[in-house]
Amino acid sequence: MLSRLSANVLLKATIATMAVAVVVMLAMNAWDCWRRFADAGRIVVVADASGFAFKAMHNLRTDRASTFRELNSDKTIDPAIDKYLHGVRDSQMPALRSAIGVLESIDFADRSTLLPELQREFKSLTALHAETWEAFTKPKTARREGLAKEFMDETARLLDTLDKVSARIFASVKGKDAFVDQMMTMKGLAWRVRNGGGEASLMVSNGLAAGRLPPDAREKYAGFVATTEAVWAALLDMTSGTQLPPRLAEAIAAAKNVYFGTEYTAKRDSLLQSLLNGEKPAMTANEWTPFTVGNLARLLTVAEGTLDAAKEHAVAQRDAAKLDLIVELLLLAAAIGLAAGGMTAVTRRVINPLRAIQEAMLRVARGDLAAEAAFADRTDEIGALAGALGTFKQNAVEKARIEDEQRDRHAQAAARQQATEGAIVAFESHMREGIEALAQAAGQMRETSEKMSATSAQTNTQAKT
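All of the points below concern the structure found in this document.

Basis of the calculations
- Residues numbered from 1 in each chain as written.
- Predicted model: local features only at pLDDT ≥ 70, side-chain atom pairs only at ≥ 80, totals over all residues.
- Heavy atoms only, no water.
- Salt bridge = Lys/Arg side-chain N within 4 Å of Asp/Glu carboxyl O.
- Helix = DSSP H or I, 4+ residues; strand = E, 2+ residues; numbered from the N terminus.
- Buried < 20%, exposed > 50% of the residue type's maximum accessible area, 1.4 Å probe, protein only.
- Axes fitted to C-alpha atoms, helices over the stretch in contact; angles between N-to-C directions.
- Parallel < 35°, antiparallel > 145°, perpendicular 65-115°, else oblique.
- Left-handed = near helix turned anticlockwise from the far one by under 90°.
- Contact = heavy atoms within 4.5 Å.
- Nonpolar A, V, L, I, M, F, W, Y, C, P; charged D, E, K, R; others polar.
- Expected span 1.5 Å × (residues − 1).
- Core = buried A, V, L, I, M, F, W, Y, C linked by side-chain atoms within 4.5 Å.
- Polar contact = N/O pair within 3.5 Å; in protein donor to acceptor, adjacent residues only side chain to side chain.

The next thing to look at is the pattern of salt bridges. Following the criterion strictly, the structure yields 22 salt bridges and no others. With a shortest N-O distance of 3.1 Å, D63 and R89 are connected by a salt bridge. One end of the pair, D63, is in helix α1 (residues 7–71); the other, R89, is in helix α2 (residues 79–103), and 26 residues separate them in sequence. As a salt-bridge pair, E134 and K138 come within 3.3 Å of each other at their nearest N and O atoms. With a relative accessible area of 46%, E134 lands in the partly exposed category. One connected set of salt bridges, linked through shared partners, spans D32, R35, R36, D39 and D324.

Following this line, the structure appears as structure tokens:
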């Protein structure tokens, strides 16, 4: 089969096959770099959105409990709590707004329903914030009935939506990078610790505000504490054998020493025990809330540390993938350029000269000795072929010259032969004519002799007579 293909086709096919193989390989590498670049970029965005969402959820839980307690209080809001709530909401609302802004730029499961719902709940919370600020300055009887319940229900829905969104966006990048998966899982564990700790703290806060605890308070409190300790232990297990970023390692150590330290847990247990015993607690609800939220914030720094670590890792991966992509694209462009240049060079330097030499050889073979032996000045194989063609042409010229000389000699010999034969024929003709003349003369001489003999005889006869 290959014997049926010309050298031109085989050469071009070989170069094209090799070029396509290299281009395909580089294109696949470039696509892989682009995929890694896109995945890392998405992780960065998801880490940003998760960070904003987590910060909003942390402050929203604090805002929810404090606002509900103040709306149910008969008194107007205490200036210290008013300042505290302003700080909470000033951190919460920008985080929510930023989270929504980031979420609008990415795709995730159930986006078509969750994002509009989140936007609607954000508007509702903004309106409720404005109404609750005004309600805090009024006595309980002047506040809108059902405002506290509406605020609790709306914030519960918002927390649930944020939790769903966080799960969906994490699922959209899960499995893309093992380190990021670990950090995001640790973030989820930190949030569960924050939730359990918040529930235990809220039980104490509500007890301090009401002056009593429900009958099952001890069991629920023990359950919340046990949950936080178990989840925290699971989080620490995930860090075993892992080189954590310094900031995250410091946040975990601080949370372990502060939130799980004896100072905070002893104070929380002491307040609960005082409420269970019917004794006067050492702190009021307004004093306890900022204190416990400050300690819970240590868990927030752990979650933020995991998200920052995931983001920094993703940024590094994205930058590396971007550099690799640029290199692969440059190599791809170079490969395409080299393939095109190689094909052009082979066509101009090999195929076209071979065709010219082929045509010249065929012309010389047909006897056209005017064909030019081009490329004889080249020092490569093409030059050797051109030189061979020149030699072939020179031999053909010499052969033609010899044949011409031979033809001339043959023509001269033929002419000489013809002249000789003509001379011989003329000589023979002359000889025949001479012989014939001699024969005729001899005949005449016989006739004369005979006549003379007859006459002599007649004369003799007459003389005798």
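Next comes the rest of the account.
The next thing to look at is the packing of helix α7 (residues 246–258) against helix α9 (residues 285–365). Two numbers describe how α7 lies on α9: the axes approach to 8 Å, and their chain directions differ by 160 degrees. It follows from the interaxial angle that α7 and α9 lie roughly antiparallel. Read as a crossing pair, α7 and α9 show a hand that is left-handed. Residues R247, L248, A251, I252, A254, A255 and V258 of α7 form the contact with α9, whose participating residues are N295, R298, L299, T301, V302, G305, T306 and D308. Among the residues making up the contact of α7 with α9, the classes are represented as 8 nonpolar, 4 polar and 3 charged.

Next up on the list: helix α3 (residues 111–136). Two residues of an α-helix separated by three or four positions point the same way, owing to the 3.6 residues in each turn. The first and last C-alpha atoms of α3 sit 36 Å apart over 26 residues, in line with the 38 Å expected at 1.5 Å per residue. Every buried residue of α3 is listed here: L114, L115, L118, E121, F122, L125, L128, H129, T132, A135 and F136.

This part covers the nonpolar core. Core analysis: the largest hydrophobic core is formed by 81 residues, its most contacted members being L103, L162 and V302. By residue number, the principal contributor to this core is helix α5 (residues 178–210), which donates 13 residues. When neighbours within four sequence positions are excluded, L162 is seen to be in contact with A53, A56, M57, L60, L96 and L118. In terms of nonpolar packing, the next biggest core, distinct from the first, is built from 8 residues, I357, A360, A386 and L389 among them.

In a regular helix each residue adds 1.5 Å, so 33 residues correspond to 48 Å; α5 covers 47 Å between its end C-alpha atoms and thus fits that length. At the N-terminal boundary of α5, the capping side chain belongs to D177, with an oxygen 3.0 Å from the backbone nitrogen of F179.

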